[in-house]
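Spelled out, the chains give:
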Amino acid sequence: MKDLLLYIAQNLVDNPDEVTVTEVERDGETVLELRVAAGDMGKVIGRQGRIAKEIRAVMKSVAQRQGKRISVDIVD
């Protein structure tokens, strides 16, 4: 899961070396915290949050197939 999010984010940004994903367990749910360079934040979020929404949808779909609960947080 972590690798998939890392792959998606690195292909969206200009500085793929600065992309990091941290996995945290909270209340029986896996939270993936995505960090990118300040200049790439807009590329990951997209206009009106569309890209961020789609990233979350893809990750939730994969998690459901594996029987897991997951959420994605984009951290400054």
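The rules behind each value
- Along each chain, the written sequence defines residue order, and numbers are assigned to residues from 1.
- The model is predicted, so local features are restricted to residues of pLDDT at least 70 and side-chain atom pairs to those at 80 or more, both for listing and for counting; the totals for chains, interfaces and linings are taken over all residues.
- Side-chain metrics in this entry use all non-hydrogen atoms of the structure; hydrogen atoms and water are not considered.
- Pairing between strands requires that DSSP locate at least two bridges from one strand to the other.
- For the purposes of this entry, the term helix denotes a DSSP run of H or I that reaches at least four residues, the term strand denotes a run of E that reaches at least two, and both are numbered from the N terminus.
- All axes are obtained by fitting lines to C-alpha atoms, using only the stretch in contact for helices, and the reported angles, taken between N-to-C directions, cover 0 to 180 degrees.
- Note on definitions: a residue-residue contact is assigned when non-hydrogen atoms from the two residues lie within 4.5 Å.
- The classification of residues rests on relative accessible area computed with a 1.4 Å probe and restricted to protein chains. Under 20% of the type maximum is buried, over 50% is exposed, and intermediate values are partly exposed.
- Here a patch means residues that are over 30% exposed by relative accessible area and free of salt bridges, tied together within 9 Å if like-charged and within 5 Å if nonpolar (Val, Leu, Ile, Met, Phe, Trp, Tyr).
- In these tables, accessible area is a Shrake-Rupley quantity obtained with a 1.4 Å probe, and a residue counts as shielded only by the protein chains included in the view.
- Throughout this description, the term salt bridge denotes a Lys or Arg side-chain nitrogen within 4 Å of a carboxyl oxygen of Asp or Glu.

A. Layout of the sheet that holds strand E3 (residues 70–75). Spatially, three strands are ordered E1-E2-E3 in an open sheet, and the strand pairing comes out mixed. At either margin of the open sheet sits one strand with a lone partner, and together these are strand E1 (20–26) and E3. Each neighbouring strand pair of the sheet contributes to a mean axis angle of 25°, computed without reference to strand direction. Sheet analysis places E1 next to strand E2 (residues 29–35), joined by seven bridges and oriented antiparallel. The residue bridging Val24 from the neighbouring strand is Val31, located in E2. Contacting E2 and E3, helix H3 (residues 50–65) runs over the sheet at an angle of about 150° to E3.

B. Examining the environment of Gln10 more closely. As for its placement among the helices and strands, Gln10 is situated in helix H1 (residues 2–12). Accessibility expressed as a relative area gives 31% for Gln10, which makes it partly exposed. In this structure the C-alpha to C-alpha distance between Gln10 and Gln64, which are 54 residues apart in sequence, comes to 23 Å.

C. Just unusual backbone geometry, in detail. Even without a glycine there, the phi angle at Asp27 is positive, about 50°. Checked against the element boundaries, Asp27 lands in the loop between E1 and E2. Owing to a relative accessible area of 79%, Asp27 belongs among the exposed residues under this scheme. Even without glycine at this site, Gln48 takes up a positive phi of about 55°.

D. Up close: a nonpolar patch on the surface. A surface patch of nonpolar side chains, amounting to about 270 Å² of accessible area, comprises Leu4, Tyr7 and Val58. For Leu4, the location among the structural elements is in helix H1.

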